[in-house]
Amino acid sequence: MSHPRGPLAQLRRGHEELVLGLLRKHGPLSRGELGKLCQLSRTTLYDILAGLVAGGAVVAAGPQDTPRGRGRPAETLTLNPEAGQAIGIDFARRAVHVAAVNLAHEIVGSASEPHDADLPWEQRVDLAERLVGSLNDGGLRLGALSAIGAGVVGPVGWPEPEDDPEPEDDLEPDEPAHPVQPLLRERFGAPVLLDNNTRLAALGEAIWGAAAGDRDVLYLRLSHGVGGGLVVGGALHRGAYGLSGEFGHITVDPDGAPCDCGGTGCLETVASIRAVLDAYRAAGGRADDVPELVKAIRAGDGTALTLLEGVGGTIGGVLAAVCNAIGPSVIVVGGELAETGPALIEPVERALRAQVMPVSRHRVSLRRATLGEAAGALGGIALVLHESPLLSRYPAGPDLAPDLLEDIKRRQP
Ligand SMILES: [Zn+2]
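Presented here is a report on the structure given in the accompanying data block. Nothing here was measured: the structure is a model prediction, and the numbers come from that model. (Residues numbered from 1 in each chain as written. Predicted model: local features only at pLDDT ≥ 70, side-chain atom pairs only at ≥ 80, totals over all residues. Heavy atoms only, no water.)

To describe a pair of aromatic rings, one takes the distance between the centres and the angle between the planes. Taken as a whole and judged by the stated rule, the model has one aromatic pair. Sitting over the ring of Tyr46, Arg31 keeps its end group 5.5 Å from the ring centre. Across from the ring centre of Trp121, 4.6 Å away, lies the NZ or CZ of Arg124, which sits over that ring. (Phe/Tyr/Trp six-rings, centres within 6.5 Å; stacked < 30°, edge-to-face > 60°. Lys NZ or Arg CZ within 6 Å of the ring centre and 35° of its normal.)

This is how it looks when you write it as structure tokens:
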């Protein structure tokens, strides 16, 4: 599909979306049927269809038998199942995760690869391109790509609403919000919507994952960083400066360790992967990564269990405080450290129930995340499909194929 700006291009884009929407809703249609449904002039419709066919978004599905064989069978047009409409990319601290949906809004696949924390942005984009290329057994066609939704670590700057009367026009600001934005735009030839990657994971879990259907959700990710996202009243909450959901930088020990954010004794200095592994080794344990820590826990290692009891208590205390402030009905805990299972989650839950306001004690539900490492990339796709870089209030999630989501969930550890 076309990406140039200006009123005529916007009009054309609108017509393309109209035609694609009809094919998504009704399945294969002949040109005549499309003409009746879309109410565009024959010339305009044929012009739009020619563009969509040339771009690979729409394919001819062969003649459909007309009832009782009257007249020449009409050729029908259908969405190309191999044409990607949106790509979601999560640029986490030490890994790239990608997912894509086709024009029918079905997930065509997801993929991930870890990398060193200091990998330059050009190479992270190389990695993302390679992972996207591996989706759908390498058969994903990007000619119809409408946009990329990318998540990055840390706050993401957007133009203030008063400077941005037409958000669609502001997808290419003079100053990129992040160095990865121009790199992605150049590589994939599509607009790039950016957000904080953990907030996108919260969005993914709130639309399709552990909190699907819930309108007030607190999502916490325990990974190399500690962060989260809030859904308040059915809308993803961004905060005045894109800083909503930074639960990892709530102070838990004023005399604690210095934090990467410049603060002291933040939750992240206690509950990040590095903090937990360092504390475990300092207590005499041996583990180089989370899977080794999980192995020690499964073997009943007392040092690991005692450590996680303390870390879980601290996390639960922070969650209780945030709960009292925001009033979520669901708390979702994700990230690699959640894979330590009950050894961490049970002390989290005990501290939460003990410290939250008693009236909330049995009302708030604590759940493990279900989308795994694909959550942030799926949130990026949600960002694109809703076509709002601000997402101040977003409507109900689009119709991603449930069986493919199940498949993604099954592949999580
Ligand atoms: Zn901090």
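Let's shift gears to the sheet that holds strand S13 (residues 365–368). Spatially, S11-S10-S9-S12-S13 is the arrangement adopted by the five strands of the open sheet, whose pairing is mixed. Only two strands of the sheet have a single neighbouring strand rather than two, namely strand S11 (235–237) and S13. Neighbour to neighbour, the strand axes of the sheet diverge by 25° on average, direction disregarded. Pairing geometry for strand S12 (residues 330–334) and S13, over four bridges, is parallel. Looking across to S13, one finds that Val333 is bridged to Arg368. Relative to strand S9 (residues 217–222), helix H6 (residues 197–208) is tilted by about 125°, and along the sheet it contacts S9, strand S10 (226–232), S11 and S12. (Pairing = 2+ DSSP bridges. Helix = DSSP H or I, 4+ residues; strand = E, 2+ residues; numbered from the N terminus. Axes fitted to C-alpha atoms, helices over the stretch in contact; angles between N-to-C directions. Contact = heavy atoms within 4.5 Å.)

Take the environment of Thr264 next. For Thr264, the position within the fold is in the loop between S11 and helix H7 (268–271). Assessed through its relative accessible area of 37%, Thr264 is described here as partly exposed. Expressed as a C-alpha distance, the spacing of Thr264 and Ile250, which sit 14 residues apart in the sequence, is 9.4 Å. Once you skip the residues sitting within four places of it in the chain, Thr264 turns out to touch Thr251, Asp253, Pro254, Gly256, Ala257 and Pro258. (Buried < 20%, exposed > 50% of the residue type's maximum accessible area, 1.4 Å probe, protein only.)

Within helix H5 (residues 180–188), the full set of buried residues consists of Val180, Gln181, Leu184, Arg185 and Phe188. Within H5, the buried residues cover an arc of 130° as seen down the axis, which keeps them to one side. Contact partners of the buried residues in H5: strand S4 (84–91), helix H4 (121–134), strand S7 (147–152) and strand S8 (192–196). Following H5 by one or two positions, Gly189 has its phi on the positive side, about 60°. (Arc of directions from axis to C-beta.)

Time to look at the nonpolar core. Membership of the largest hydrophobic core comes to 40 residues, with the highest contact counts inside it found for Leu222, Leu293, Ile315, Leu319, Ile331 and Leu352. Take this core: its biggest share by element is ten residues, from helix H10 (residues 302–326). Ignoring any residue separated from it by four or fewer positions in sequence, one finds Ile315 in contact with Leu220, Leu222, Leu267, Ala271, Leu344 and Val348. With 31 residues, the next largest nonpolar core counts Leu193, Ala206, Ala211 and Leu383 among its residues. (Core = buried A, V, L, I, M, F, W, Y, C linked by side-chain atoms within 4.5 Å.)

Going through the model one piece at a time under the given rule, you end up with 13 salt bridges. Between Asp90 and Arg221 there is a salt bridge, and its shortest N-O distance comes to 3.4 Å. Residue Asp90 is located in strand S4, and its partner Arg221 is located in strand S9; the two are separated by 131 residues in the primary sequence. Arg221 sits in the buried class, given a relative accessible area of 10%. (Salt bridge = Lys/Arg side-chain N within 4 Å of Asp/Glu carboxyl O.)

Around the zinc ion, the donor atoms from the protein are His249 (ND1), Cys259 (SG), Cys261 (SG) and Cys266 (SG), and they sit 2.0 to 2.3 Å away. Here the zinc ion is ringed by four donor atoms whose angles at the metal span 103 to 122°, and the overall shape comes out tetrahedral. Donor residues for the zinc ion sit on one chain with the sequence pattern H-x9-C-x1-C-x4-C. Here His249, found in the loop between S11 and H7, pairs with Cys266, found in the loop between S11 and H7; they are 17 residues apart in sequence, far enough to count as distant. (Donors = N, O, S within 2.8 Å, 3.2 Å for Na, K, Ca; no water. Tetrahedral: all angles 85-135°; square planar, octahedral: opposite > 155°, others 65-115°.)

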